[in-house]
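# Structure assessment
Spelled out from the first residue to the last, the chains are:
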Amino acid sequence: MPPAIFSGKWQLNPAKKLLSALSFSVFLVLDFLDTILCLVYRFIDEFFEGQSSMCYCRNREEKQRSGMEDGDGEDEDEDEDESELSETLYGRKNVFREMGFLGFSGKLENSKKRESGEMGSRWSDCGCGSCISWMTNGDHKLHCCIREPSHETLKETNEKPAENVIFLHGFLSSSSLWTETVFPNQSESVKCKYRLFAIDLLGFGRSPKPRDCFYTLKNHLEMIEKSVISPLHLDSFHLVAHSMGCIIAIALAAKHPKSVKSIILVAPPVFPSKFGGLRVLEKLAERRLWPPLLFGSAVMSWYEHIGRSVCLLLCRNHRAWEKILKLVSRRTSLHFMTMDLTRHTHHSAWHSMHNVICGGTKLMESCFKILTKARAKICVIQGDEDQVVPVECSDNVKTMAPNAEVYIIRGANHSTIILGREREFTIYLEHIWASLADS
């Protein structure tokens, strides 16, 4: 072997080994820190609230044995809720918890017993007016921004009633994703033809963020039905969704196959059912130091108590951070995506991540079978530089739904698939809707 080639290979292997060793050391420290924080939050929660926090530091079998020993009688509703929890909540590996470090592995008490009827925020959540408005006004329905044609416009056009379009945002986002991009860029010629509904999903934006909720796929679907579909009598509708919202949109469409006219999925985190939740978690939030975005996702997805600490620092104090950012940037207002990053609780984000994105995987193939049988129009659009959701996910949709149309946009990532090309994206939506109207 030539010396130059041997030298290059010799230099590459130590670099990889060093990065692997560094990564192992960092995540080992994070394992230890998360285990310690489990104990810390247990005592702090008991001090402020009179009860310890619910966490998933013990496995499901240990939790069930503990419940039997305590004589807690779980009812059928709770058993059903438990069955919908993702395996990733209990299955996340932590070296120190598995060793039974310091004789504790985190206290997971019966969730029904501890949190039954508790809708309000915790001491570690923000209590500002905008964050708890859903409690003060007694409205436990999802926040929804609606744009519909005026009665005058409908009379002038003498056309049939406007079609309905439901927009679902992604993780750590809100309805602003659509009201700030698609709504302002609608063509004048089609404004009279569609009613647009941009929803803040359960636990995000200005929608309710209850404590006594696991934020399962079922919870999200029921709230959309309760807040929008049923009260507004939406007998037919189009769906447009981004990222995590795609999982909810697919399940919603499969539940209402006769009502759905089209489904447009933007960067859908769809994986084969055989993957299982843990493999999906490893795909979307691999425990790596580089790139920084992936490292941040790994920390927030694998470490429950470290994630809660980050939310305590940022989300609980979001008003202070917003003021600081305005002063530093010398702006009177911040970008809507910056604002949305903190408009949730750790409880809502943590459970939505695991129970929807990871746990929803097992339902995707059956949902697509229903939609394929119903001949629903499915379109997928994703950027080829998406570092959040692998581009292979678009291929997964095509495999499960052979009739789906897939468009890969060059040079676009997870955000710029919409941002920066708002007008182009809106025209694409209008083209899909018009093609169905003409058929």
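Small disclaimer: the values here were computed from a predicted structure and weren't measured.

### A short note on the packing of aromatic side chains
- If you walk through the whole model with that rule in mind, you get 15 aromatic pairs.
- Taken together, a centroid distance of 5.3 Å and an interplanar angle of 70 degrees make the contact between Phe32 and Phe96 edge-to-face. In this pair, Phe32 sits in helix 1 (residues 3–49) while Phe96 sits in helix 5 (residues 95–98), placing the two residues 64 residues apart along the sequence.
- Through a chain of ring-to-ring contacts, three or more aromatic side chains come together here, namely Phe167, Trp178, Phe183, Tyr194, Phe425 and Trp433.
- Its guanidinium or amino end placed over the ring of Trp302, Arg287 lies 5.3 Å from that ring's centre, counting from NZ or CZ.
- Sitting over the face of the ring of Tyr41, Arg308 holds its NZ or CZ atom 4.4 Å from the ring centroid.

### A short note on the environment of Leu202
- Relative to the helices and strands, Leu202 is located in the loop between strand 3 (194–199) and helix 10 (217–229).
- Among the residues examined, Leu202 registers a relative accessible area of 4% and is labelled buried.
- Other than its neighbours up to four places away in sequence, Leu202 contacts Leu142, Ser207, Pro208, Pro210, Cys213, Tyr215, Asn219, His220, Met223 and Ser352.

### Here we look at the packing of helix 12 (residues 276–284) against helix 13 (residues 292–302)
- Orientation of helix 12 relative to helix 13, taken along the N-to-C sense of each, is 145 degrees, at an axis distance of 9 Å. Two secondary-structure elements touch here, helix 12 through Leu281, Glu282 and Leu284 and helix 13 through Leu294, Ser297, Ser301 and Trp302.

### Notes on the pattern of salt bridges
- Throughout the structure, instances matching the rule amount to 15 salt bridges.
- The salt bridge partner of Lys283 is Glu392, with a shortest N-O separation of 3.2 Å. Within this pair, whereas Lys283 is found in helix 12, its partner Glu392 is found in helix 19 (residues 392–400), the two being separated by 109 residues in sequence.
- With a relative accessible area of 31%, Glu392 lands in the partly exposed category.
- Of the charged contacts, one joins Glu424 and Arg421 as a salt bridge, the two residues approaching to 2.9 Å between their closest N and O atoms.
- You can call Glu424 partly exposed: its relative accessible area is 48%.
- Overlapping salt bridges bring together Asp45, Glu49, Arg122, Arg211 and Arg308 as one network.

### Section: helix 11 (residues 244–255)
- The end-to-end C-alpha distance of helix 11 is 17 Å, a good match for the 16 Å that 12 residues give at a rise of 1.5 Å each.
- Burial runs high along helix 11: 11 of the 12 residues are buried.
- Looking only at helix 11, the buried set comprises Met244, Gly245, Cys246, Ile247, Ile248, Ala249, Ile250, Ala251, Leu252, Ala253 and Ala254.
- In this fold, the buried residues of helix 11 make contact with strand 2 (163–168), helix 10, strand 4 (237–242), strand 5 (260–266), helix 17 (346–358) and helix 18 (361–373).

Conventions adopted
- Residues numbered from 1 in each chain as written.
- Predicted model: local features only at pLDDT ≥ 70, side-chain atom pairs only at ≥ 80, totals over all residues.
- Heavy atoms only, no water.
- Phe/Tyr/Trp six-rings, centres within 6.5 Å; stacked < 30°, edge-to-face > 60°.
- Helix = DSSP H or I, 4+ residues; strand = E, 2+ residues; numbered from the N terminus.
- Lys NZ or Arg CZ within 6 Å of the ring centre and 35° of its normal.
- Buried < 20%, exposed > 50% of the residue type's maximum accessible area, 1.4 Å probe, protein only.
- Contact = heavy atoms within 4.5 Å.
- Axes fitted to C-alpha atoms, helices over the stretch in contact; angles between N-to-C directions.
- Salt bridge = Lys/Arg side-chain N within 4 Å of Asp/Glu carboxyl O.
- Expected span 1.5 Å × (residues − 1).

Purely geometric stuff here, so don't read any function into it on its own.
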